[in-house]
Amino acid sequence: MYRLMALITATSDRAAGEVKSGALASAFYPVRGLEGVCAALGVALQPDDQLVSTYRSLGDALAKGANLRRVIAEIYGRSDGLCGGKGGPMHLQDTSVGFMTSTGVVGSGIPIAVGLGIAAQLDGAARAVVATFGDGATSIGAFHEAMNIAGLWKVPVVFLCQNNQWGEHTPIAEYAASTDLADRARAYAMSSVRVDGFDPVATLGVLREALERARSGGGPTFVEALTYRLTGHSGSSDYSYVPADELAAAMARDPVPTFRRSVLTSGQMSEAELAAIDAEVAAAVDDAFAFATASPPPPSETRYRDVFADPSALTGAGVPA
Amino acid sequence: VSVEIMTMAQAINSALHLAMDADSRVVVLGEDVADPIGGVLKITKGLSTKYGRDRVRATPIAETGIVGAAVGLALGGYKPVAEIMFMDFTAVCLDQILNHAAKLRYMSGGHTPVPLTIRTGVGTRRFGAQHSQNLEAWFMHTPGIKVVVPATAADAKGLLTACIADPDPCLFLEHFDLVFAEKGEVPVGAHQVPLGEAAIRRPGQDITVVAYGTQVRNALTAAEELAERGIAAEVIDLRTLVPLDMPTVLDSVERTGRAVVVHDAHTFCGPGAELAAQITEQLWGELQAPVLRLGAGPSPVPFADALDFHPCAADIVAAALKTIGQA
């Protein structure tokens, strides 16, 4: 779990740095602050479980096991990217590992996850579907429609709210009538739990229980993992509007160094073992960015491919088959 | 092939039964679609009784939830058929249709196709402005979704069958003026009409009238009237707007040198504008007259009969005569 957390931090920081330096021309949404939640999810998920994420999906993608090199190549819009350069950082997917889709429209992945859950029900399969989303998504209609349908039909979905307490640039208390988001889920007749998302061990326990409930036919669960966004909304935006004392308090609990310390003091791992993981992660990130930047741009003949299965469907729109 | 006479509603119902029978991955979801009501227009009648409520799901009134779940079902290996009661209500779930269903294949580099059919009704004027708009141009304008508009009962069955079998999202329009009024011979058993192939409903060499959906019958009525004046109009029923069968249209206009495009959608930025532009670009040298467009006027759909603005057969005749220089 520590390795996954360290990998997510290192990758997110590197990508944000490349955006800031101008080397990466991309709308990238950092995941700093979510590492504990993402890593716990990665450990709790089984290979046949499915995941639907958001535009802030880097941590989720790595947690579900998407290939790091191909994730980074996609962020750069290169031919070796997971989507061949057509998706970009907001639309990562890797269906080969059950990472089904990432959406750029807040809340819109939640009903899609419910549909995947209905498919699991119809298949008679003991798999769960997880929808991740930020706290901002709990304001939009898609969230409520999907929660109602999931509660009604006992769909095997875990709604994982990665509450970073900011909806873009507005703090939660200024946009939510009640900041107890877990309370909203109770209206849809489903289990609901709030957990400290900066504590990966506690989050892992909660997620395991929720996933097991889904897989065994016990219906959906809403999990509110309380975190804090440790960077700006996007890779290039400032965060001067974030109250300094709040940010300082959150940074003091920064999940990766905090978890590292606890692993060390509890004696689970030695400094040498942790340092080896850190070095291996740094090398993997370097390798992935080198791979991505060396990957060629997608060839122009792929531009109108995959609009429809059959390219001749575009002839009436002026594209020769 | 043996045929039976049925309404478009019965033909659609037949296509749904056959599709659910042939493929257990076909699932139907939408408001009121289960028995005993079997849909507000009873088009899904009998499906839930025969195939069960797991595969035929009456949903809450939640269009985003319905189409979103259908997109998820498609990603999960199913072939969902979602019903949105009135086309105007697609406005409630455009995000799922345009940003997700239409884009997921492309954005993923081909990894997440969405084989989804959305059936939606186009209301008549008597429902007022929020239940009667022809919005197909919205969907034509977003690459990645097919747009299908049957004009006959047989085509309704064959085209819906093709939509459900198609590997991409399809929007299937059922105009309430046709669903019960349009009756005709429909092949018994499996019947599929390929998407992207227009039909020439009446041959002629003097002028081409391009129509689809409800306007096909007006175009045929107009062609009769024009024939009485010695003018032979060719009537093309597009059947699908995406993919758009331009070769059939261009081949016809190349022969006639004149074209009128007619639809119930608004003229302004409507499908006719695209057709007129493509015809003009491709056949500038052959055209005897500018391509004319006929469609709804630039206001919300008025309720009162006296204010109706949808083209009628007389409008098509007048436009044809104007094109020919006899107006």
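Before any of the text, the structure's been laid out above.
Read on for a plain summary of the structure. (Residues numbered from 1 in each chain as written. Chains lettered and ligands numbered in written order. Predicted model: local features only at pLDDT ≥ 70, side-chain atom pairs only at ≥ 80, totals over all residues. Heavy atoms only, no water.)

### Here we look at the overall build of chain A
Across its full length, chain A holds 11 helices and 8 strands. Relative to the globule expectation of 20 Å for 321 residues, the C-alpha radius of gyration of chain A, 20 Å, shows essentially globular dimensions. Counting every position in chain A, which comprises 321 residues, the buried fraction comes to 57%. Once local pairs closer than 6 in sequence are excluded, the contacts in chain A between residues at least 24 apart make up 72%. Total accessible area on chain A is roughly 11800 Å²; 54% of this is exposed by carbon and sulfur atoms. (Helix = DSSP H or I, 4+ residues; strand = E, 2+ residues; numbered from the N terminus. Rg over C-alpha atoms; globule rule 2.2 N^0.38 Å. Buried < 20%, exposed > 50% of the residue type's maximum accessible area, 1.4 Å probe, protein only. Contact = heavy atoms within 4.5 Å. Areas by Shrake-Rupley, 256 points an atom, 1.4 Å probe, with all protein chains shown as cover.)

### Focus on unusual backbone geometry
Residues Asp-35 of chain B and Pro-36 of chain B are joined by a peptide bond in cis, for which omega reads 10 degrees. Tracing the sequence through the fold places Pro-36 of chain B in the loop between β2 (26-30) and α2 (47-51). That bond from Val-242 of chain B to Pro-243 of chain B is cis: its omega, -5 degrees, falls within 30 degrees of zero. Tracing the sequence through the fold places Pro-243 of chain B in the loop between β12 (240-242) and α10 (246-256). Positive phi values are uncommon outside glycine, yet Lys-154 of chain A reaches one of about 50 degrees. Looking at the element boundaries, Lys-154 of chain A is found in the loop between α6 (141-153) and β4 (157-163). Despite not being glycine, Asp-32 of chain B shows a phi value in the positive range, around 65 degrees. Residue Asp-32 of chain B is classed as partly exposed on the basis of its relative accessible area of 36%.

### Here we look at the interface of chain A and chain B
Between chain A and chain B, the contact holds 35 residues from the first and 43 residues from the second. Both sides of the chain A and chain B interface together cover about 3200 Å² of buried area, and 67% of this is carbon and sulfur. At the boundary of chain A with chain B, the tally comes to 0 salt bridges. On the surface where chain A and chain B come into contact, there are 12 residue pairs in polar contact (both at pLDDT 80 or more). Elements that contribute at least two residues to the side of chain A that touches chain B include exactly β2 (99-103), α5 (109-123) and α6 of chain A. With 9 residues, the top contributor of residues to the side of chain A that touches chain B is α5 of chain A. (Buried area = accessible area lost by both parts, 1.4 Å probe. Salt bridge = Lys/Arg side-chain N within 4 Å of Asp/Glu carboxyl O. Polar contact = N/O pair within 3.5 Å; in protein donor to acceptor, adjacent residues only side chain to side chain.)

### Structural notes on the nonpolar core
Within the largest apolar cluster, 126 residues are counted, with the highest numbers of intra-cluster contacts made by Phe-159 and Phe-222 of chain A together with Ile-279 of chain B. If we skip the residues at most four places from it in the chain, Ile-279 of chain B touches Met-246, Val-249, Leu-250, Val-253, Ala-259, Trp-284, Leu-287 and Val-291 of chain B. (Core = buried A, V, L, I, M, F, W, Y, C linked by side-chain atoms within 4.5 Å.)

### Considering the sheet that holds strand β6 (residues 146-148) of chain B
Residue and element names in this part refer to chain B. Read across the open sheet, the 7 strands follow the order β3-β2-β4-β5-β7-β6-β12; overall the sheet is mixed. Either end of the sheet is taken by a strand with one partner, and the two such strands are β3 (56-58) and β12. Neighbour to neighbour, the strand axes of the sheet diverge by 20 degrees on average, direction disregarded. By the bridge criterion, 5 bridges tie strand β4 (residues 79-86) to strand β5 (residues 117-122) in an arrangement that is parallel. When the sheet's bridge partners are listed, Ala-82 is paired in β5 with Ile-118. Here helix α7 (residues 153-165) sits on the sheet and contacts β2, β4, β5, β6, β7 (170-175) and β12; the angle it forms with β7, its principal contact strand, is near 155 degrees. (Pairing = 2+ DSSP bridges. Axes fitted to C-alpha atoms, helices over the stretch in contact; angles between N-to-C directions.)

### Some thoughts on the pairing of β2 of chain B
Residue and element names in this part refer to chain B. Buried residues dominate β2, accounting for 5 of its 5 residues. Two elements, β2 and β4, share 5 bridges in a ladder whose sense is parallel. Bridge pairing in β4 places Val-26 opposite Lys-79. Relative to β3, β2 is paired through 3 bridges, and the arrangement is parallel. Bridge assignment links Leu-29 to a residue of β3, and that residue is Arg-57.

### Quick look at empty space enclosed by the protein
Residues and elements named next belong to chain B. All chains considered together, the criterion is met by 6 cavities of 30 Å³ or more. Of the pockets and cavities examined, the largest cavity occupies roughly 90 Å³. Taken together, 14 residues form the lining of the largest cavity, with Leu-41, Glu-83, Met-85, Arg-119 and Glu-174 sitting closest to its centre. Here the lining of the largest cavity is built from residues that sort into 6 nonpolar, 4 polar and 4 charged. There is about 60 Å³ of room inside the second largest cavity. Contributing to the lining of the second largest cavity are Val-122, Asn-134, Glu-136, Val-149, Leu-173, His-175, Tyr-212, Gly-213, Thr-214 and Asp-264. Class assignment for the residues of the lining of the second largest cavity results in 4 nonpolar, 4 polar and 2 charged. (1 Å grid on protein atoms, 1.4 Å probe; cavity = no way out; pocket = protein on both sides within 12 Å on 5 of 7 lines; lining within 4 Å. Points joined across faces, edges and corners; volume = space filled by probe spheres on them. Nonpolar A, V, L, I, M, F, W, Y, C, P; charged D, E, K, R; others polar.)

### Points about the packing of aromatic side chains
Within the structure shown, the criterion is met by 10 aromatic pairs over all chains. Measuring from ring centre to ring centre gives 6.0 Å for Tyr-76 of chain A and Phe-289 of chain A, while their planes differ by 85 degrees; the resulting arrangement is edge-to-face. Here Tyr-76 of chain A is found in the loop between α4 (68-75) and β2, whereas its partner Phe-289 of chain A is found in helix α11 (residues 271-294), with 213 residues between them in sequence. Take Phe-289 of chain A: its relative accessible area is 2%, and that puts it in the buried class. Judged by centre distance (6.0 Å) and plane angle (75 degrees), the ring pair of Phe-143 of chain A and Phe-222 of chain A falls under edge-to-face. Taken together, the positions of Phe-143 of chain A in helix α6 and Phe-222 of chain A in strand β8 (residues 221-226) put the pair 79 residues apart, joining distant regions of the chain. One exposure class covers both Phe-143 of chain A and Phe-222 of chain A, and it is buried. The ring centre of Phe-289 of chain A lies 4.5 Å from the NZ or CZ of Arg-14 of chain A, which sits over that ring. Geometry around Trp-153 of chain A places Arg-57 of chain B over its ring, the cationic atom sitting 4.7 Å from the centre. (Phe/Tyr/Trp six-rings, centres within 6.5 Å; stacked < 30°, edge-to-face > 60°. Lys NZ or Arg CZ within 6 Å of the ring centre and 35° of its normal.)

Purely geometric numbers; function is a separate question.
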